[in-house]
Amino acid sequence: QFPFGRRLPCDIYWHGVSFHDNNIFSGQVNKFPGMMETVRKITLSRAMRTMQDLFPLEYNFYPRSWILPEELPLFVAEVRMMKDRNPSWKPTFIVKPDGGCQGDGIYLIKDPSDIRLTGSIQSRPAVVQEYICKPLLVDKLKFDIRLYVLLKSLEPLEIYIAKDGLSRFCTEPYQEPTLKNLHQVFMHLTNYSLNIHSGNFIHSASVNTGSKRTFSSILCRLSSRGADVKKLWSDIISLVIKTIIALTPELKVYYQSDIPAGKPGPTCFQILGFDILLMKNLKPILLEVNANPSMRIEHEQELSPGVFENVPSPVDEEVKVAVIRDTLRLVDPQKKKRKDAQCLLYPGVADGKLQLKPVKIQVKYGMKDKQHKHHSLKLSLKLKFYLKLGSCQSLEQAPESSEELPEAALPSLCLKQVFPKYAKQFSYLRLVDRVAALFIRFLGVKGTTKLGPTGFRTFIRNCKLSNSNFSMAAVDILYIDITRRWNSMGIDHKESGMCLQAFVEAFFCLAQKKYKSLPLHDQVASLIELCECRLAALRGKRLVWGCG
């Protein structure tokens, strides 16, 4: 472990909080630049809304959302309109602070007028969503699922899902929300960090009982009741792939800013925590995506007032050790150099013999992680046990000379590849990815994430989108209006110019003007194809001129 960094190069850098924990120039980093910003509640909701506008049926797994404070009037108006249409509709909404975590600041409301405007909501914006009132219950308790997803590569896109996850239970029997029980967090909020303080919380040595269980135990229970578990897994895989597709455009903009194309730099991978709720009809609903899911494999137990002891958690250990172990196996930098990939830390097979060569891994702690460093150290010891080679009891006892590598030295991978495996089924959804590619192409200055007015005009001119009905003066007005509005939302004041989300809005506006009779996704797809075709033709002309 190197809390203050290390100058010598490593194969893998395991950062505690973000990509920017340390300056990296080579190797692999377990964080993507911009991931923390991309999965924040507001940014995620905007990305999902864009996809819902394009593909409403495909993205109906994310609750209807409004962003506070700028969309408060819209929220009030839409709720009033829906109540007028259906007087019997009695909704419940959940308010989540944008930067909140572990259930901090979350509360339920019955009416828009109940939103807490005390204090400065400008300093702490939030997302308000429709609350899922009819969740699936087990033992009369509400629960959610934490699934671990490995984003192994952004370009080309490569996604893995862990075959097992965690089921985190509320600690009071569930009742549909009423004015009397709205504030009962142990009934409505599944956050582990909240429910652990309940007197009803059960720490169990079994993965099938208690307030935290394996997801596989829930699936077994559902299967015994006749539920279609295969369809449920298929729906969850679809949800994960569609969510990642919604996030990749923003991630690519951050990535090219920190790691410009053509320059040496690290590659990235990241373990994400997907929080999913199952409805009564077994439809999965995405709650949020966590960029830094907890990897603790133990919990604190109070022995006497003020005296605590760290106790192993069998459920966490079973799921999390396998996720980290197999993530390291998949990103093993020596994997390409050997014929039979069975070993992690001593790769390189020649003539059926194991040539031992260590892979250097640097662990970097952020401020948050320093408080729980011993938990990470104990996890590393668990990994040593699970990564044992043959009869070796730990990595320190591995032989110095070559020896036969047993076929079953490691368990089978717990991470299942879902993309590009199912790429053909979801490729049509990647429209915003192609819009982001146009945005990045015209950014001009490497390392920036905002498009200036000159870059926007060049995009319009090169794609031949201006005409007698849409002059360059109108182009400038469109740029100024959209950019000014997005900048007023306080998205990012570090740079001036048009952010990707603003460019996407402008692109949709241009598509709607040009192809008025088509549905939105066809309008956008048609304009993308037009732009790509004209840019390809322009590139061909320039090549001919260069040869001439």
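The structure presented is a predicted model; accordingly, all values stated were derived computationally and were not measured.

Reading the values: the criteria
- Residues numbered from 1 in each chain as written.
- Predicted model: local features only at pLDDT ≥ 70, side-chain atom pairs only at ≥ 80, totals over all residues.
- Heavy atoms only, no water.
- Helix = DSSP H or I, 4+ residues; strand = E, 2+ residues; numbered from the N terminus.
- Polar contact = N/O pair within 3.5 Å; in protein donor to acceptor, adjacent residues only side chain to side chain.
- Contact = heavy atoms within 4.5 Å.
- Expected span 1.5 Å × (residues − 1).
- Bend = angle between axes of the 7 residues up to and from the residue.
- Buried < 20%, exposed > 50% of the residue type's maximum accessible area, 1.4 Å probe, protein only.
- Salt bridge = Lys/Arg side-chain N within 4 Å of Asp/Glu carboxyl O.

Enquirer: Please give an account of the side chain of Arg 213 that cites residues and values.
Expert: Assignment of secondary structure puts Arg 213 in strand β11 (residues 212-214). Within polar-contact distance, the side chain of Arg 213 engages the backbone oxygen of Gly 210 at 2.8 Å. In contact with Arg 213, not counting residues within four places along its chain, are Val 138, Asp 139, Gly 165, Leu 166, Ser 167, Phe 169, Val 207, Asn 208, Ile 218, Arg 221 and Val 315.

Enquirer: How would you explain helix α7 (residues 229-258) if you had to name every residue and give the values?
Expert: Between its first and last C-alpha, α7 extends 41 Å over 30 residues, near the 44 Å set by a 1.5 Å rise per residue. In α7, a bend of some 40° at Thr 248 exceeds every other bend along the element, and Pro 249, a proline, comes one to four places later. For α7, a buried count of 23 out of 30 residues is recorded, marking the element as mostly surrounded by other parts of the structure. Structurally, the start of α7 carries an N-cap: the backbone nitrogen of Lys 230 is 3.4 Å from a side-chain oxygen of Asp 228.

Enquirer: Talk me through the environment of Trp 89; I want residue IDs and the actual numbers.
Expert: Looking at the secondary structure, you find Trp 89 in the loop between α3 (72-85) and β4 (93-97). Under the relative-accessibility criterion, Trp 89 is labelled partly exposed at 21%. Dropping the residues within four chain positions of it, Trp 89 is found in contact with Val 79, Met 82, Lys 83 and Glu 130.

Enquirer: Break down the pattern of salt bridges for me, citing the residues and quoting the values.
Expert: On inspection of all chains with the given rule, the structure shows 24 salt bridges. Of the charged contacts in the structure, one is a salt bridge between Asp 433 and Lys 252, with a shortest N-O distance of 3.2 Å. One end of the pair, Asp 433, is in helix α12 (residues 431-441); the other, Lys 252, is in helix α7, and 181 residues separate them in sequence. For the residue pair Asp 433 and Lys 252, the accessibility class agrees, reading buried in each case. For Asp 476, the salt bridge is made with Arg 457, and the minimal N-O distance between the two is 2.6 Å. Taken together, the positions of Asp 476 in helix α14 (residues 472-488) and Arg 457 in helix α13 (residues 453-462) put the pair 19 residues apart, joining distant regions of the chain. For Asp 476, a relative accessible area of 27% puts it in the partly exposed group.

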